[in-house]
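Chain by chain, the residues:
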Amino acid sequence: MVYPETAEGFMIHDTKKWSTFKKGEFKLKPFEDRDIDIAIDACGVCASDLHTITGGWGDVPLPLCVGHEVVGRAVKVGKAVKTIKVGDRVGVGAQIGADLDCINCKQDQENYCPNAIDTYGAPYPDGTLSQGGYASHIRAHEYFTFKIPDNIETSIAAPMLCAGLTVYSPLSRLGAGPGKKVGIIGIGGLGHFALLWAKAMGAEVWAISHSPSKKADAEKMGVDGFISTNEKGWNEPHKFTFDFVINTADAMDKFNMDDYLSIIKVWGKFHIVGFGDNPMPQMSAQQFAPNGAALGASHIGNRPEMLAMFELASKQNIKSWVETIDISEEGLKTALERLAKNDVRFRFCLTGFDKAFGKRE
């Protein structure tokens, strides 16, 4: 079989050989009236892909094609689709389905739908397994497909679809803007977006990192201050000063949480979007009492936030810091192994899909 019944993608077959990708065919879900078929031109490489293929987040169905920062061209649209037409440049992020009828979906909280379908590794109602964007095509519901603004180039837009949205959503919901002081822990794939968005929203933005070498990059992104957490007593000058802090690092198991909580204002929030393989440190209720701080986390974002994020990026000409790599078995091995070593500033984007899969119409 070939498209439109199946697509071709680079898949892993063994989490112990997580950087070994082999090209193979996989089944696409049945095409429905609100579905859109996309010929993929680029796909970001997300830390979630790495956590998945290594088994760090648990067992995964195999073989699996990962990738959920997808940009390409709409090549087929269902008869009920109203927002996309054939030929449009569109994107798909980390969520590809939901029931769109539950209490959460009706309140624009579809990213918290109990019947949400992840872009890869999740079963559709008919039993088909969702497969991701390291592939020739992806079939997506209209609600989870987004037109890309003309002035944002494809490789720049792709990482925004997951990494960008994952930090845009909490920044927006927590009120980043003029008069707010925001701390961003970690300057990487997620953190660099958080710095860029928070600054564009008008907040006072501080980068918080254990790597002093990243200060120069943070300053290029326009931060108002930089805190190096490898200095003893780093938190003392900053106690009770941040409205909220967003942690994008996946190393909370190594944090002294008392230090991090101490820099938050009374009734402020420590918000987590960096999900590591290891458990968080054990904590007691008393640790939250000195300032009434709250601890929370979030999962990607909703459709209105995705649209607002792209509008912000378009109007303010915000650019992801991206390195492109042609998609291939060797290219994927290089990208994922380098990502595992944090050897990227600050996001990989896979390109060259025509070379790998041929012209697709």
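This text goes with the structure placed above it.
Okay, so let's go over this structure.

The rules behind the values
- Residues numbered from 1 in each chain as written.
- Predicted model: local features only at pLDDT ≥ 70, side-chain atom pairs only at ≥ 80, totals over all residues.
- Heavy atoms only, no water.
- Core = buried A, V, L, I, M, F, W, Y, C linked by side-chain atoms within 4.5 Å.
- Buried < 20%, exposed > 50% of the residue type's maximum accessible area, 1.4 Å probe, protein only.
- Helix = DSSP H or I, 4+ residues; strand = E, 2+ residues; numbered from the N terminus.
- Contact = heavy atoms within 4.5 Å.
- Phe/Tyr/Trp six-rings, centres within 6.5 Å; stacked < 30°, edge-to-face > 60°.
- Lys NZ or Arg CZ within 6 Å of the ring centre and 35° of its normal.
- Salt bridge = Lys/Arg side-chain N within 4 Å of Asp/Glu carboxyl O.

This paragraph deals with the nonpolar core. In this structure, Met160, Leu171, Leu195, Trp197 and Phe310 are the most contacted members of the largest nonpolar core, which totals 50 residues. Only helix H2 (154-157), helix H3 (163-173), strand S10 (181-185), helix H4 (191-200), strand S11 (204-209), strand S13 (242-247) and helix H7 (303-316) provide two or more residues apiece to this core. Counting residues per element, this core draws most heavily on H4, at seven residues. Every residue in contact with Phe310, bar those within four places of it in the chain, is listed here: Ile148, Pro149, Ile152, Ala157, Met160 and Leu161.

Centre distance and the angle of the planes are the two values used to describe a pair of aromatic rings. Under the definition given, this model contains eleven aromatic pairs. Here Trp234 and Tyr260 contribute two aromatic rings whose centre-to-centre distance is 5.0 Å and whose plane-to-plane angle is 55°, an arrangement assigned as tilted. Pair noted here: Trp234 is in the loop between strand S12 (225-228) and S13 and Tyr260 is in helix H6 (residues 257-262), with a separation of 26 residues, a long-range link. Both residues of the pair, Trp234 and Tyr260, belong to the buried class. Aromatic rings pair up to connect Trp234, Phe255, Tyr260 and Phe270 into one cluster. It is Lys76 that lies over the ring of Phe31; its NZ or CZ is 4.1 Å from the centre.

Okay, the pattern of salt bridges next. The full count for this structure, using the stated rule, is 23 salt bridges. Between Lys147 and Asp88 there is a salt bridge, with its nearest N and O atoms 4.0 Å apart. Residue Lys147 is found in strand S9 (residues 146-147), and its partner Asp88 is found in the loop between strand S4 (70-77) and strand S5 (89-92); the two are separated by 59 residues along the sequence. Under the relative-accessibility criterion, Asp88 is labelled buried at 8%. One salt bridge connects Asp101 with Lys106, and the closest N-O pair in it is separated by 3.8 Å. The exposed category is assigned to Asp101, whose relative accessible area is 51%. Bridged by salt links that share partners, the residues Asp41, Arg73, Asp354, Lys359 and Arg360 form one connected network.

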